[in-house]
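Chain by chain, the residues run as shown.
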Amino acid sequence: MKTIYKNLLILCLLGAFACTSDFDEINTQPGAITASESSAKYFLTNVQFQLYGPNRFPYWRGPLIHGDRFAGYFTFGHNGCWWNDGLGYTYNGGYTDATFGWLEGYLGELDNFLDITATGGTFENAPMNAVGKIMKGLYFSKFTDIFGELPYSETGNPDIVTPRFDTQSDIYQGVIIELDEAMAAIGSLTVSGEGVEDMADNDLFFNGDLQKWKRLANTLKLKLGTRAQGAPGASFADAAISQALASPLMEATGDDALLVKDEVISQWGSAAYGDIWHNFGGLGSKWHLGETLISLLRDNNDPRLSVFAKPAAGGDMTFRKPVNADEIKAHDLMKQVMDDAGVVYNITESGDEITVSFAANTYYLGQPTRLNGISYDYAGWDMFSTPADVIINPKNGGPISSEIILTSADAFLMRALAAVNGAGGDANAMYQSGISRSMEHWGVSSDAITDFLTNSPMGSLSGTAEDMRAQINSQRWLANYTNGFEGWAIVRKTGYPAALANGVSDGDIFSMGDTNGAYPQRMRYGNSARDKNGTNLEEALGRQGADDMGITLWWAK
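On a predicted model such as this, the values are computed, not experimentally measured, just so you know.

Conventions we followed
- The written sequence of each chain sets the order in which its residues are numbered from 1.
- With the structure being a predicted model, the display of local features is reserved for residues of pLDDT at least 70 and the display and counting of side-chain atom pairs for 80 or more, all residues being used for whole-chain, interface and lining totals.
- The basis for the side-chain values is all heavy atoms of the structure; hydrogens and waters are excluded.
- The criterion for strand pairing is that DSSP finds at least two bridges linking the strands in question.
- In this description a helix means any DSSP run of H or I spanning at least four residues, a strand means any run of E spanning at least two, and both kinds are numbered starting from the N terminus.
- Every axis corresponds to a line fitted to the C-alpha atoms, with the helix fit spanning only the stretch in contact, and the corresponding angles, defined between N-to-C directions, vary from 0 to 180 degrees.
- Residues count as neighbours in contact if any of their non-hydrogen atoms are within 4.5 Å of one another.
- Between buried and exposed lies partly exposed: a residue is buried under 20% and exposed over 50% of the maximum accessible area for its type, with that area taken using a 1.4 Å probe on protein chains only.
- The definition of a nonpolar core used throughout is a set of buried Ala, Val, Leu, Ile, Met, Phe, Trp, Tyr and Cys residues joined through side-chain atoms within 4.5 Å.
- Each Phe, Tyr or Trp ring (for Trp, its six-membered ring) is paired with any other whose centre lies within 6.5 Å, and the angle between the two planes then decides the class: stacked below 30 degrees, edge-to-face above 60, tilted in between.
- By definition here, charges over rings are those cases where NZ of Lys or CZ of Arg is within 6 Å of the ring centre and within 35 degrees of the ring normal.

K.L.:
So what exactly am I meant to see when it comes to the sheet that holds strand S6 (residues 315–320) here?
P.N.:
Remark on secondary structure: sheet strands pair via backbone hydrogen bonds, oriented parallel or antiparallel. Sheet architecture is open: 3 strands sit in the order S6-S8-S7, paired in antiparallel fashion. Unpaired on one side and paired on the other, S6 and strand S7 (345–350) mark the two borders of the sheet. Averaged over neighbouring strand pairs, the angle between their axes works out to 20° when direction is ignored. Where S6 lies against strand S8 (residues 353–358), 6 bridges are found, and the strand directions are antiparallel. Counted as the bridge partner of Thr318 is Thr355 from S8. Packed onto the sheet, helix H12 (residues 325–340) meets S6, S7 and S8 and runs at close to 155° relative to S7.

Okay, structure coming up:
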């Protein structure tokens, strides 16, 4: 089926290119692409944006409902929301299938690009094929880190209808091998070719700069080694880390792999947060920032706070007077959040209502994660911080922050972690460079960066090796704000920030979900995996564990 799809696509494209060759000049279509102008570069753009900027349906149900919320960046469950914050923590087939289906369905387009650029392919081009292998590494590392074991080694073979599932260890090792092949193929090249073979205009990440692609591949290799390190049987991880450290990594913000948000394609082709924030109507689908995120920024005088979030709207907020033990506990939780943030507030009672008041647009407060239906009533919309405009601006309504794929900030922080773990190098220098790159990415001024590094308790590494790991991984988590699936993976791997990794324990006010309050470790497979490939899926579950959200993945802490 894949071969038929690929050939039809190529025949249609080439037919459009070649059909004018026998016509008189008067019948030639001005602007038509001729066969000599055809190139694999025209297939690259979709391969890039569909993995990081899919249409609104999977964007809402995948990154927002699951990734960003499991990461603790965003929360639902305020008293104007359609759901309490347990959404996603309890299995929902529709939401899960949308996420799995988006990623499962992505493979066809990527596979096609790899086939047509391979040796003997219709548009053979070794550098573009190397770029395709790097995209494959980004794809499979993302996909497996969300769900676990997946078909990898037998995918792309048209003769295998039901490919076997590979272990995560085998997927990681296979991706590292393909990244090495891609970097070797790029070598010292800077462009993929001349004229129509130059992919610059169609490359959304690096404008055709192959050396930046090579740095991305090596930084991804470092990430895979870092994530695998310490996992059972991950003897390859140390070598991957040392090899990556010995080669060029992302160093400047100009090396960052980002997807600039498009403002032309409709939300049904490529979505942004603003397509959900502004187009779903009312407060029902809107969200706050999580308490762990806001507290870590606020309590350490981090200048990214005002870039990530807005102060709580505040003012007068009226709630039903709490009367039973659970309601009182929920109300006390909100008071504790205000106390922790240093909010000067006033609470008055009138009949069966209470009014909570504090100064408008003054305080940054994060909403506690996983509030249940009882707490929902006491989590006021105006009580907590919402995302900054740059996160949720509508298309053509102001600047929109780019999708984060992999950055120099993360590269430096992983180098700092490697140094703490004994790989050598100045851990603190790498740590501070990582923080600097993250702040630069978000537009923080150089003076504010210097002040943070000099005066904040998080500005320099200190304490035991484990204390330093906590600092580094918390900063990695901050550096991936809005890249929720990666932030979630960092918490699962490292246990930091601990406030998230520890989960919740009080079912009176928190949503315990399918994991009974424990931190979610994976998403369940989509129903299509069982429908299409059930025998191989069951074999994988026999190794990995039941298809539950609480099953710890191979590399996780």
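Following the structure, the description resumes.
K.L.:
Would you explain the side chain of Thr369 in this entry?
P.N.:
When you line up the elements, Thr369 lands in the loop between S8 and helix H13 (373–376). Under the relative-accessibility criterion, Thr369 is labelled buried at 14%. Those residues in contact with Thr369 that lie beyond four places of it in its chain are Thr75, Asp85, Tyr89, Leu500, Val504 and Phe510.

K.L.:
What am I meant to see in the nonpolar core here?
P.N.:
One recurring pattern in soluble globular proteins: nonpolar side chains tend to sit buried together. The biggest cluster of nonpolar side chains holds 140 residues, and the ones touching the most others in it are Trp213 and Trp477. At 11 residues, helix H5 (residues 126–147) tops the list of elements feeding residues into this core. Beyond its immediate chain neighbours, meaning those up to four positions away, Trp213 contacts Gln48, Val131, Ile134, Met135, Ile186, Met199, Asp203, Phe205 and Phe206. Grouped together as the second largest cluster of nonpolar side chains are 24 residues, Ala341, Val343, Tyr363 and Val504 included.

K.L.:
When you look at the packing of aromatic side chains in this model, what are you seeing that I'm missing?
P.N.:
Here a ring pair, both rings aromatic, is described through the centre-centre distance and the interplanar angle of the planes. Summed over all chains, the structure comprises 40 aromatic pairs. A ring pair is formed by Phe43 and Phe123, whose centres lie 6.0 Å apart and whose planes are at 40°; its orientation type is tilted. Within this pair, whereas Phe43 is found in the loop between helix H1 (2–18) and helix H2 (44–52), its partner Phe123 is found in the loop between helix H4 (93–117) and H5, the two being separated by 80 residues in sequence. Phe123 matches Phe43 in its accessibility class, with the two residues each being buried. Members of the aromatic cluster, each reached through a chain of ring pairs, are Tyr59, Tyr73, Phe74, Tyr273, Trp277, Trp287, Phe308, Trp381, Trp442, Trp477 and Tyr481. Arg492 extends its terminal NZ or CZ atom over the ring of Trp488, reaching a point 3.7 Å from the ring centre. The ring of Tyr525 carries Arg522 above its face, with NZ or CZ at 4.8 Å from the centroid.

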